[in-house]
Amino acid sequence: MTTTLASPLGAQMRRRRIPHKRAIAMLLVPFGILFTLFYIVPIVYAFWQSLLVVKRDGTFGKAEQVFGGLAQYALVFQDEAFWASMGRMLMFGVVQVPVMLGLALLFALLLDSPLVKGRRFFRLAFFVPYAVPGVIAAIVWGSLFSPNLSPFTALTKNIDFLGADLVLWSIANIVTWVFVGYNMLIIYSALLAIPQELYEAARLDGAGQWRVAWSIKIPLVRPAIVMTAIFSIIGTLQLLAEPQVFRSFSSAVTSTFTPNMTVYATASIPNTNLAAAFSVVLAVTTFVLSFGFMKYMQRKEDNA
């Protein structure tokens, strides 16, 4: 009797799975095509270009691209300016990313606190800088830091914000100002998803706002913080617009100040094969750092 009933039911379930799979395929195929065309293909093409070298038949002979193996990568690992820019960005990330995410978490907790009034206004005020394009933000802040353009001349003439010692942190100020609101919204969205029953139970146990934030809110939004940290690591190594604009304000910002600027300058020579090799190394480094950070946080969560 059970077999008789189960057989038609199983056949019915199998019939239902077919259109469901087709619907999934119809939704995924357009994404897969675009992902392949605009992500996978450029990566493969850049890797192939990095394996080529330009050779000429004589001094003024016609240039020809031939397979050169890892010759471009040998040049990459010999390029001191590129690795100096990588080190500069790593130092930038170690300082700027925790400060930015700390402020984002603080603002998100303030917006989620019942003690704060005017949440809509502050939510918009914190997010507005993200709506400003990076180039415009760099021009505005560059003008504020410039002794000849800034309205705060008493400060900018005594502190050289555009000098070799402080220009990196002036750029960090811009990135923080722009992206704090963006990261705040991600963390704030995670806070809104926390069940209210947890807060009610904590209040019954006599927990105050600080205790609730430390023991309930921050642990439960940790995945959102990790995600914003990974985005920030990727964004740090891809920094281009702000330092590129700052070249017109400060001589301390060279054409190889960041890894992406090095790639851009090399491709403009033009030496597209070496630029492709720089790009591949930068992409691999970004993947290793972001993936390694994610695995480290997952292991830390498992051991907690």
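For the structure itself, consult the block above.
So, a few notes on the structure that sits alongside this text. (Residues numbered from 1 in each chain as written. Predicted model: local features only at pLDDT ≥ 70, side-chain atom pairs only at ≥ 80, totals over all residues. Heavy atoms only, no water.)

## What about the overall build of the protein chain?
Line of reasoning, step 1. For the protein chain, the count of helices and strands is 13 helices and two strands.
Line of reasoning, step 2. Relative to its length of 304 residues, the protein chain is extended, with a C-alpha radius of gyration of 26 Å against a globular reference of 19 Å.
Line of reasoning, step 3. With respect to the principal axes defined by its C-alpha atoms, the protein chain has extents near 90 × 65 × 35 Å.
Line of reasoning, step 4. A total of 304 residues make up the protein chain; the buried ones form 33% of that total.
Line of reasoning, step 5. Put simply, of all contacts in the protein chain between residues at least 6 apart along the chain, 65% involve residues at least 24 apart.
Line of reasoning, step 6. For the protein chain, the computed accessible surface area is about 18,900 Å², with 68% contributed by carbon and sulfur atoms.
Line of reasoning, step 7. Counting 23 positive and 13 negative side-chain charges, the protein chain places the centres of these two groups 13 Å from one another. (Helix = DSSP H or I, 4+ residues; strand = E, 2+ residues; numbered from the N terminus. Rg over C-alpha atoms; globule rule 2.2 N^0.38 Å. Buried < 20%, exposed > 50% of the residue type's maximum accessible area, 1.4 Å probe, protein only. Contact = heavy atoms within 4.5 Å. Areas by Shrake-Rupley, 256 points an atom, 1.4 Å probe, with all protein chains shown as cover. Lys, Arg positive; Asp, Glu negative; His and termini not counted. Charge placed at Lys NZ, Arg CZ, Asp CG, Glu CD.)

## Focus on the pattern of salt bridges
Line of reasoning, step 1. As enumerated under the stated definition, the model contains two salt bridges in all.
Line of reasoning, step 2. For Lys-217, the salt bridge goes to Asp-112, with nearest N and O atoms at 2.9 Å. Of this pair, Lys-217 sits in helix α9 (residues 209–220) while Asp-112 sits in helix α3 (residues 80–112), placing them 105 residues apart in sequence.
Line of reasoning, step 3. Linking Arg-222 and Glu-301 is a salt bridge whose minimum nitrogen-to-oxygen distance equals 3.2 Å. Taken as a pair, Arg-222 in helix α10 (residues 222–237) and Glu-301 in helix α13 (residues 272–303) lie far apart in primary sequence, 79 residues in all. (Salt bridge = Lys/Arg side-chain N within 4 Å of Asp/Glu carboxyl O.)

## Some remarks on unusual backbone geometry
Line of reasoning, step 1. Look at the link from Ile-269 to Pro-270: it is a cis peptide, with omega at 5 degrees.
Line of reasoning, step 2. Of note, Pro-270 is situated in the loop between α12 (259–267) and α13.

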